[in-house]
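# Coordinate inspection notes
In case you want the letters, here they are:
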Amino acid sequence: MFASFATRFTKSIVAVAALSCGLGFAASARAQNVIVLDSGQATLTLINQATHKVVAVMPTGKEPHHLMLTPDKKSLIVANSVSNDLMFLDPQTGKVQRWVQDIEDPYQLGFSPDHKWFVTNGLRLNRIDIYHYDEKTQGMTLAKRIPLGKTPSHMTFSMDNRTVFVTLQDSDQLAAIDLPTQKVLWTMPVGKTPAGLWMVPGDQYLLVGMTGEDDVAVVDWHKRQVVKRIHTGRGAHNFRSLDDGQHVAVSNRVDSTISIIDYHTMTNVGDITGLMPGPDDMELTADHRYLWVTFRFARHVGIIDMRTRKLIATIPVGRSPHGIFFADRAPVAAPNPD
């Protein structure tokens, strides 16, 4: 029933939004769109990537925060955490393909590198849910629900497909869960309010964005030790690979900067400043030229020219923009989720 209502509502709101922009949705569907999740108002905003113009605003479920490509790259999953459902979209246009109900509190989501496991973090419910994933049918069968500490937030995987790592924001911990047995292997303290996770190529270290501090923790997860802290900026939050074999970007939500980390030397090699408040999630164009970023506290999306590391454009969107995606992007290498 919700799905049919959402479909009717989607058609009406898209029509209104398209008229207000002077564009029809059919016209926007022919172009490649940037998809931005407005988590504070249960909508997503579609932006024409070439013109930087908003072409439509569409309803989602309640609190859409994160998104993820299916392994076959034919669908983009939007996780609606409070309405307990998933939306499947066309990755090029943002058009709704289907809904999956009764996925409880899917705040963050990810696939194991071999695509056999689909994991959701239940931020409000203090647990993670592990599903068997059928790549042919895109079917998800619940394997186990695992209680964890407070506020499981972000995740990443080991390349051997055995382990999913989860940050527990309000427990100040990092957890490791064995996927084949669905058992908690260990938890360890990492610092105040850990959020984003990024696995360094080679699986030796995990980078953890410390949102309650001003640094990124470097974790040797084999030894369960924090071996270094890289100063970035207050509110270090989430990561985006720059796909150059050397660097990853981290957003600093409180200082409103983005730091560039060399993951070979484990050093901060430069900060992007002059940004709007609350930079959060990022997406990189396929030519590596432009970094798009959501400004969580400013109701805008920004575009950064990576040659000059300057903010060159801003686009107003909905309240509390969070996840962002476009199909013509630089790769996000396994095992790190989008």
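Details of the structure are given in the entry above.
Fair warning: this is a prediction, and the values are worked out from it, not measured in the lab.

Our next topic: the pairing of strand E14 (residues 173-178). For E14, a buried count of five out of six residues is recorded, marking the element as mostly surrounded by other parts of the structure. Joining the antiparallel neighbours strand E13 (residues 163-168) and E14 is a turn of four residues, in which Asp 172 adopts a positive phi near 60°. In this sheet, strand E15 (residues 183-189) lies alongside E14 in antiparallel orientation, the contact comprising six bridges. Following the sheet pairing, Leu 174 is matched in E15 by Met 188. Here E14 hands over to E15 after four residues, with Gln 182 in that stretch at a positive phi of 55°.

It is worth spelling out the environment of Asp 114 at this point. Looking at the secondary structure, you find Asp 114 in the loop between strand E8 (108-111) and strand E9 (117-122). For the pair Asp 114 and Tyr 205, spaced 91 residues apart in sequence, the C-alpha to C-alpha distance is 20 Å. Within polar-contact distance, the side chain of Asp 114 engages the side chain of Ser 112 at 2.6 Å. At 3.1 Å, the side chain of Asp 114 forms a polar contact with the backbone nitrogen of Lys 116.

Turning next to the side chain of Asp 129. Inspection of the secondary structure puts Asp 129 in strand E10 (residues 127-134). A polar atom in the side chain of Asp 129 sits 3.2 Å from the side chain of Arg 145. With residues up to four places along the chain from it excluded, the contact list for Asp 129 reads Glu 104, Phe 118, Val 119, Thr 120, Leu 142, Lys 144 and Arg 145.

Read across the sheet, four strands follow the order E24-E25-E26-E27 without closing on themselves; strand pairing throughout is antiparallel. Single-partner strands in this sheet number two, and they are strand E24 (279-284) and strand E27 (310-316). Direction aside, the axes of adjacent strands within the sheet are offset by 25° on average. Summarising the sheet, E24 and strand E25 (residues 290-295) pair through four bridges and their orientation is antiparallel. Residue pairing in the sheet places Glu 283 in a bridge with Trp 292 of E25.

Quick notes on the rules
- Residues numbered from 1 in each chain as written.
- Predicted model: local features only at pLDDT ≥ 70, side-chain atom pairs only at ≥ 80, totals over all residues.
- Heavy atoms only, no water.
- Buried < 20%, exposed > 50% of the residue type's maximum accessible area, 1.4 Å probe, protein only.
- Helix = DSSP H or I, 4+ residues; strand = E, 2+ residues; numbered from the N terminus.
- Pairing = 2+ DSSP bridges.
- Polar contact = N/O pair within 3.5 Å; in protein donor to acceptor, adjacent residues only side chain to side chain.
- Contact = heavy atoms within 4.5 Å.
- Axes fitted to C-alpha atoms, helices over the stretch in contact; angles between N-to-C directions.

Everything listed here is a matter of coordinates, which is why it stays silent on function.
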